[in-house]
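# Commentary on secondary and tertiary structure
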Amino acid sequence: MEDYHKPDQQTVQALRNIASRLRINSIKATTAAGSGHPTSCCSVAEIMSVLYFHSMKFRPEDPRNFNNDRFILSKGHAAPAMYSMWAETGYLKESELLSLCQVDSTLEGHPTPVSVPKQQFVDVATGSLGQGLGVACGMAYTGKYFDKASYSVYCLMGDGELSEGAVWEAMSFASHYQLDNLVAIMDINRLGQTDPAPLQHHLEKYQKRCEAFGWHAIIVDGHSVEELCKALSQPRHQPTAILAKTIKGKGIPAAEDKLGWHAKPLPKDMAEVVMKDLQSRIVNSSKRLYPAVPIEDAPPVSLRNIRMPSAPSYKPGEKISTRKAYGMALAKLGRYNERVVALDGDTNNLTYSEIFKNEHPNRFVECYIAQQNMVSVAMGCAARERNVVFASTLASFFTRAYDQLRMAAISESNIVLCGSHCGLSIGEDGPSQMGLEDMAMFRAIPTATIFYPSDGVATEKAVELAANTKGVCYIRTSRPENAIIYNSNEDFHVGQAKVVCQSKEDQVTVVAAGVTLHEALAAAEQLKKERIFMRVIDPFTVKPLDAKTIIDHARTTRGRIITVEDHYYEGGLGEAVCSAVVNESGFSLHRLAVSHVPRSGKPHELLKIYGIDRDAIAQAVRKMLSNSANAK
């Protein structure tokens, strides 16, 4: 360890003092709030002290400086410990810590980015355990391969979350890409919420597991600032795991290494006794520690106005699947925007992100069959507005990453997800591959925008718009090839529907998207021969839905609306339209959707069997008109 310079005794004592103050402030804040996890904060006191005032390089007055080292508190319930550290740096006032969990405070019970200056030190929300390391992987990948910068990424984890499979997806990712700028510090304090963690204090077992995943793993006494300084100063040639043996509730005699104290703030009288004892351990020292200054070698980045260089080049009538149009559009967008990056989960020849991969191999990240980690990595890549991030896989596989998606929304993360092979129209592969609940899933996410393009032109426009739309964006693409219906100069906007077929004689308004839009247009042609006319609306975005256009046009067809979708009834396009017109008097709505778990078959067979093809639409129109006539 010739590179290691042992800290002098004054520095060691100053780090111990900081750890004691962290315990005091964490107890003070959680007791004042009547909520929180003081014992989980106390086990990481020395770890946090060494990280912030010995190992990490950052500008405390500018937490989001893109040259700063990154810190992810994966064990988000220890948030008061992080807030206490930022009070030590001077960024927060100690008095602010007493506002923890109050409704008008920015200091949440678990770390949450808030669009106000005071919370700029939180890059992503944590608290749903097991996700922090995946985000850290995305940050480290960006630092090493996209920014080519010196900053490191530190992720503090609890031993309880090591039971989460997503952690090991991230461990595998980090070693595969040799993320030697990534350090995971594991707080092995033995105790979980209700029971001990499965490996308790068998640190050599943790070490073997980490090493088996390609990490350099170092065992330390997590309450020894000297050992922590030494371990964190080692040269790194691969991702590093610091396995810190700690005591949960360290410094709180009644709670040390005892079950039953998780998520329990100390009663006021007990807190005062403990804080007085901790205060007595602080040794007066003239030495004041400051975080090290970062190396300024990360490039400045602007993600404003990520635009296509030209209009789509498709010709009306030409056939292409929207999944292939997505791949072509993404590659085109990346051609003129160096910070557009693409991730995929070993499906790039299905989602057609392979087109981007072939054109821009240095900006393509293969995440393999680990969709939860892929979403977390996407969040990390997008953090601090370093990249415009697209991540694709089959629509059905995003369901397993739903927790990561909801945390992306809470994190105010700007990421674009593309789900291909949506609906039963994929045909022979069967129900396990059919995304039939994806719209419901994304509609439930508060910040989500759902694009459902119906041809190549709309898909290219959706990719461009999604790149410039805040929040979580979802692009739903289909497998079958369908004809181009829009001119290349057609103007698209988020929340603006398109009327693709209309006449003065229209009697019913049909709202459809994707493959069912083409079925609706075919049904309209069929019905013309019977002198029955229907209006067809393409919503383009299902969320936000263009309720005004739908309602205005439906009024001209006497309130008659039919929705048709390649999705289950629950939570999809039909329910979105239903919610939009619920307060409209005189409206009648009929929904066509997939009613139960489908089976394998040819796409046209399945559309027919489950009643969402052109014949089913035509029959629904006839029936609605017949019922209206009978009602008179």
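See the structure shown above.
Residues numbered from 1 in each chain as written. Predicted model: local features only at pLDDT ≥ 70, side-chain atom pairs only at ≥ 80, totals over all residues. Heavy atoms only, no water.

### Section: the layout of surface pockets
One number sums up the size of the largest pocket: a volume of about 450 Å³. Taken together, 22 residues form the lining of the largest pocket, with L303, R304, E385, N414 and K470 sitting closest to its centre. Elements that contribute at least two residues to the lining of the largest pocket include exactly β9 (388-394), β10 (415-420) and α16 (456-467). Tallied by class, the residues present in the lining of the largest pocket amount to 10 nonpolar, six polar and six charged. Considered as a void within the structure, the second largest pocket measures approximately 340 Å³ in volume. Together, 20 residues line the second largest pocket, and R64, E385, S411, E412 and N414 are the ones closest to its centre. Its residues assigned to classes, the lining of the second largest pocket comprises seven nonpolar, seven polar and six charged. (1 Å grid on protein atoms, 1.4 Å probe; cavity = no way out; pocket = protein on both sides within 12 Å on 5 of 7 lines; lining within 4 Å. Points joined across faces, edges and corners; volume = space filled by probe spheres on them. Helix = DSSP H or I, 4+ residues; strand = E, 2+ residues; numbered from the N terminus. Nonpolar A, V, L, I, M, F, W, Y, C, P; charged D, E, K, R; others polar.)

### Thoughts on the nonpolar core
Of all hydrophobic cores here, the largest spans 82 residues; its most connected members are L133, L182, M186, L343 and I415. No other element matches helix α5 (residues 132-146), which puts eight residues into this core. Dropping the residues within four chain positions of it, M186 is found in contact with M157, L162, M171, C210, A241, I242, L243 and A244. In this structure, A14, L92, L100 and I185 belong to the second largest nonpolar core, which totals 50 residues. (Core = buried A, V, L, I, M, F, W, Y, C linked by side-chain atoms within 4.5 Å. Buried < 20%, exposed > 50% of the residue type's maximum accessible area, 1.4 Å probe, protein only. Contact = heavy atoms within 4.5 Å.)

### Side note on unusual backbone geometry
Each neighbour pair has its own omega, and for K543 with P544 the value is -5°, a cis peptide bond. With respect to the secondary-structure elements, P544 resides in the loop between β17 (541-543) and α18 (547-556). Of note in the backbone geometry, R384 takes a positive phi value of approximately 55° without being a glycine. Take R384: its relative accessible area is 11%, and that puts it in the buried class.

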